[in-house]
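So you can see what is in the structure, the chains are spelled out below.
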Amino acid sequence: MKITLTPLAAALLLTLTLSACGDKQDKKVATQVAAKVGKEEISVHQINQVLARTNAANASPAQVDKLRRDVLEKLIDQQLAVDQATEAKLNRSPEVVAQLEAARREVLARAYIQQVTSSLPKPTPEELKKYYVEHPALFSERRVFNLQEVQLPAAAGEATAEAVRGMLSAGKPLEEVATFLKGRDVKFGGGSASRAAEQIPLELLTKVHALKDGQAMVVQNAQGYNVIRVASSQLAPVPEANALPRIEQFLANQRGAEAVAKAVKDLRAKASITYMGDFAGGPAA
């Protein structure tokens with residue numbers, strides 16, 4: 001039986017219904033009515049769609065049955081709210097119409113992205129092991145760092161940053177560096193934190209990993225300069241067997257992101273795009 005949804009109902013169900021999970025034994029079960037709310041029907045198919053997005057793989061039959069009943073009650077509450085919103089003509093308000101259109105665009109765009117990424121090959125075992133070997137800072141030589149940091153604004157200038165580098169090379173403590181910066185009236189921030197290797201951006205991790213306990217460096221970034229000192233660290237390697245599933249997920253996500261970026265770039269190259277009004281200058285640099 002076909003489910004008739006008002007526009008507002010379609011928007012509300014976006015948070016619940018994302019992928020289907022039909023009964024393999026009988027197609028009729030997927031369209032069986034689970035409840036009626038006024039004239040509207042809630043099907044088993046709708047319940048299964050919600051359950052498909054829950055972590056119920058290891059649930060017992062009794063737990064699954066309770067989940068199904070809980071989902072049905074939520075769908076009933078949702079339908080009651082939809083009915084009231086429709087009766088109040090909220091589905092005609094400009095704000096709701098705009099939100100519905102935005103939700104429609106998001107769902108369609110996500111469907112296209114899923115189509116692009118669904119056909120990508122999975123990383124091979126050789127690729128996984130290669131990544132493990134090539135990134136010892138994340139795995140075989142992984143460390144948990146106790147870092148001390150001082151952030152300098154870009155206005156501090158390269159001359160100040162170079163002077164700080166010299167002080168660090170001479171083994172000066174950060175306290176002395178702070179006194180030097182105050183003498184130059186440089187506004188700076190700072191602090192300390194414990195961070196595992198995977199909590200540090202990969203491009204920065206290779207530099208931090210090269211430091212021994214007590215050593216420091218100055219790194220330039222978009223905001224200015226960052227003085228980083230490894231106060232101490234502890235070796236905490238990740239065995240290959242534990243790392244491979246994480247690497248597989250990471251490489252799959254990376255491959256998917258690259259494929260989507262290329263697809264969108266190709267679409268832009270073929271499309272006719274005209275910037276108008278305040279945006280007539282084209283995309284930002």
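Residues numbered from 1 in each chain as written. Predicted model: local features only at pLDDT ≥ 70, side-chain atom pairs only at ≥ 80, totals over all residues. Heavy atoms only, no water.

Trainee: Any chance you could explain the pairing of strand β3 (residues 143–153) here in plain terms?
Mentor: Two faces make up the sheet, and in a regular strand the side chains alternate between them. Across eleven bridges, β3 lies against strand β6 (residues 224–235) in antiparallel orientation. Along β6, the bridge assignment pairs V150 with V227. Relative to strand β4 (residues 189–196), β3 is paired through eight bridges, and the arrangement is antiparallel. Bridging from a neighbouring strand, F145 pairs with R195 of β4. (Pairing = 2+ DSSP bridges. Helix = DSSP H or I, 4+ residues; strand = E, 2+ residues; numbered from the N terminus.)

Trainee: Would you explain the pattern of salt bridges in this entry?
Mentor: A full pass over the atoms with the stated rule returns 15 salt bridges. Residue D70 is joined to K66 by a salt bridge in which the shortest nitrogen-to-oxygen separation is 2.9 Å. With D70 and K66 both in helix α4 (residues 61–87) and four residues apart, this pair spans about one turn of that helix. Connected through shared salt-bridge partners, E158, E162 and R165 make up one network. (Salt bridge = Lys/Arg side-chain N within 4 Å of Asp/Glu carboxyl O.)

Trainee: Before we go on, may I ask you to explain the environment of P125 in this structure?
Mentor: Within the secondary structure, P125 sits in helix α6 (residues 125–134). For P125, a relative accessible area of 52% corresponds to the exposed category. For the pair P125 and L244, spaced 119 residues apart in sequence, the C-alpha separation works out to 8.5 Å. (Buried < 20%, exposed > 50% of the residue type's maximum accessible area, 1.4 Å probe, protein only.)

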